[in-house]
Amino acid sequence: MGLSKDDVIRIVGPALRGIYRCTQVCYRDEPPGAERRSVQVRFGSDASAEEMVTQLQQQVDTDGDDVLVHEVGTFSRLPVDTATGRVAGKVAVVTGAAQGFGLEIAQHLVAEGAYVVLVDINEAGAVEAAAEICGRHGAGRALGLPIDVTDADSIEAAILEVVKAFGGLDLFVSNAGVIKAESVKTQALKDFEFVTAVNYTGYFQCVQAVASILARQHQTDPTYTSDIIQINSKSGLQGSNRNGAYAGSKFGGVGLTQSFAMELIEDGIKVNAICPGNFFDGPLWSNPENGLFVQYLRTAKIPGAKTIEDVKHAYEAKVPMGRGCTTADVMKAIYYLVEQQYETGQALPVTGGQVMLN
Ligand SMILES: NC(=O)c1ccc[n+]([C@@H]2O[C@H](COP(=O)([O-])OP(=O)(O)OC[C@H]3O[C@@H](n4cnc5c(N)ncnc54)[C@H](O)[C@@H]3O)[C@@H](O)[C@H]2O)c1
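The rules we used
Residues numbered from 1 in each chain as written. Predicted model: local features only at pLDDT ≥ 70, side-chain atom pairs only at ≥ 80, totals over all residues. Helix = DSSP H or I, 4+ residues; strand = E, 2+ residues; numbered from the N terminus. Rg over C-alpha atoms; globule rule 2.2 N^0.38 Å. Buried ≥ 20, exposed ≤ 12 C-beta atoms within 10 Å, placed from the backbone. Contact = placed C-beta atoms within 7 Å. Pairing = 2+ DSSP bridges. Right-handed = clockwise from strand over helix to strand, strands pointing away. Near = placed C-beta within 6 Å. Domains from an automatic or database assignment. Expected span 1.5 Å × (residues − 1).

Caption draft 1: Quick peek at the overall build of the protein. Within the protein, the regular secondary structure consists of 11 helices and 11 strands. Compactness check: the protein gives a C-alpha radius of gyration of 22 Å against a globular reference of 21 Å for 358 residues, within 12% of the reference. Referenced to the eigenvectors of the C-alpha coordinate spread, the extents of the protein come out at roughly 75 × 40 × 35 Å. The proportion of buried residues among the 358 residues of the protein is 47%. Within the protein, contacts between residues separated by at least 24 positions form 71% of all contacts whose residues are at least 6 apart in sequence.

Caption draft 2: Broad picture of the pairing of strand S8 (residues 171-174). Covered by surrounding structure in S8 are Leu171 and Val173 together with Phe172 and Ser174, the residues of both alternating faces. With 3 bridges joining them, strand S5 (residues 91-95) and S8 adopt parallel strand pairing. Across the sheet, residue Val93 finds its bridge partner in S8, namely Phe172. Of the crossover connections in this fold, the one passing from S8 over helix H6 (residues 189-220) to the parallel strand S9 (residues 226-231) is right-handed.

Caption draft 3: The arrangement of the environment of His70 in detail. Its place among the elements puts His70 in the loop between strand S3 (66-69) and strand S4 (73-77). Each C-alpha atom of the pair His70 and Ser38 lies 12 Å from the other, and the pair is 32 residues apart in sequence. Leaving out residues up to four positions away in the same chain, His70 has contacts with Gln40, Val41 and Arg42.

Caption draft 4: Region of interest: the site of the ligand. Taken together, 29 residues are adjacent to the ligand, and Gly96, Gly100, Ala176, Gly177 and Leu284 come closest. Broken down by secondary-structure element, the contributors of at least two residues to the shell around the ligand are helix H3 (100-111), H6 and helix H8 (283-286).

Caption draft 5: Here's a closer look at the domain arrangement of the protein. Assigned domains within the protein: domain 1 (5-77) and domain 2 (91-278 + 319-350). Every contact between the two is made by 19 residues of domain 1 and, on the other side, 16 residues of domain 2. With 11 residues, helix H1 (residues 5-20) is the largest single contributor of residues to the side of domain 1 that touches domain 2.

Caption draft 6: Structural detail: H3. Taking 1.5 Å as the rise per residue, H3 with 12 residues should run 16 Å; its terminal C-alpha atoms sit 17 Å apart, in good agreement. Taking burial as the measure, the 12 residues of H3 include 11 buried ones, the bulk of the element. All buried positions along H3 are accounted for by Gly100, Phe101, Gly102, Leu103, Glu104, Ile105, Ala106, Gln107, His108, Leu109 and Val110. Of the residues one or two after H3, Gly113 is the one with positive phi, at around 95 degrees.

So this is what it looks like as structure tokens:
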């Protein structure tokens, strides 16, 4: 049986990005415009992915504009991007980007010249954030899409949309994460499994969906490298009292990162994790209704604390540098990992000295 139309799009888009050595290849389900320089490609009904790539390499004119694939549609090379910055012209996908670290990471990446796809289970939040970014940085710089990182079909659907819009991607930031802190003596199995499904299995499933796209880009341009970065946690390096589900899922993320790094380097994919300290200014901690500061005040987790400020100071005092982690701190680690061509499989702490590597 031949490949489906979506399968062919997932092969041709990334292959063309490598062949053209360009940022954006956009797919549409219609013939090319008359004014465009186009080449027509007809794949055999039983052609394998490898045969399709070989055929593209033989037939595609690297000076041309469009490739019309019979019964699939048109793949158009878009004009060279003029944005500047540390990630200029790269396509980045950030999960859990409707708020918190993910949203701010997406905003920073666009400001440094990237195209960003914000994906989140909170579809409205992702779409709204993308629209706001486009308003500030220009139409087409950001796209907001729904994703549930615990659901393989949802991940596949989102990544297919990314391939249709851009041909592929260069940086995947696995940021979506949840926390349910409770004692092992009382935590319900369903809560443990919920945290594991998002933080651990979700990371695995996302890498599974993007690895073949990133590999295809490398196949047609062996000089090309790409990045997967997991936003892990200091709790992925050191246990967290009454928070075993979270710490276990994050320790597991480090194991996946090391293992994926070993395997995927043959495809030019670097895989690293960043382990931030507590992001006190983000909604997880500071939401006035259900943030961790309010919860810890209500449950008297910090003895003697009478206000939210007391709770916050108690947590800040645990950090040698005396403050929480910010997205700006995390961005320095992201740029380091993207720019560093001689490192993979690392779990990089950004904790103000709170967690130190052995
Ligand atoms: N906040 C911190 O102090 C802190 C510290 C270290 C690491 N981290 C890590 O950083 C990442 C982001 O944390 P945050 O504080 O910004 O969290 P947050 O709760 O503010 O945002 C998380 C986002 O993930 C989305 N999300 C949740 N489940 C999802 C799913 N199944 N599929 C897709 N999206 C989903 C949510 O809708 C939300 O927009 C997490 O992986 C977290 O473990 C956070």
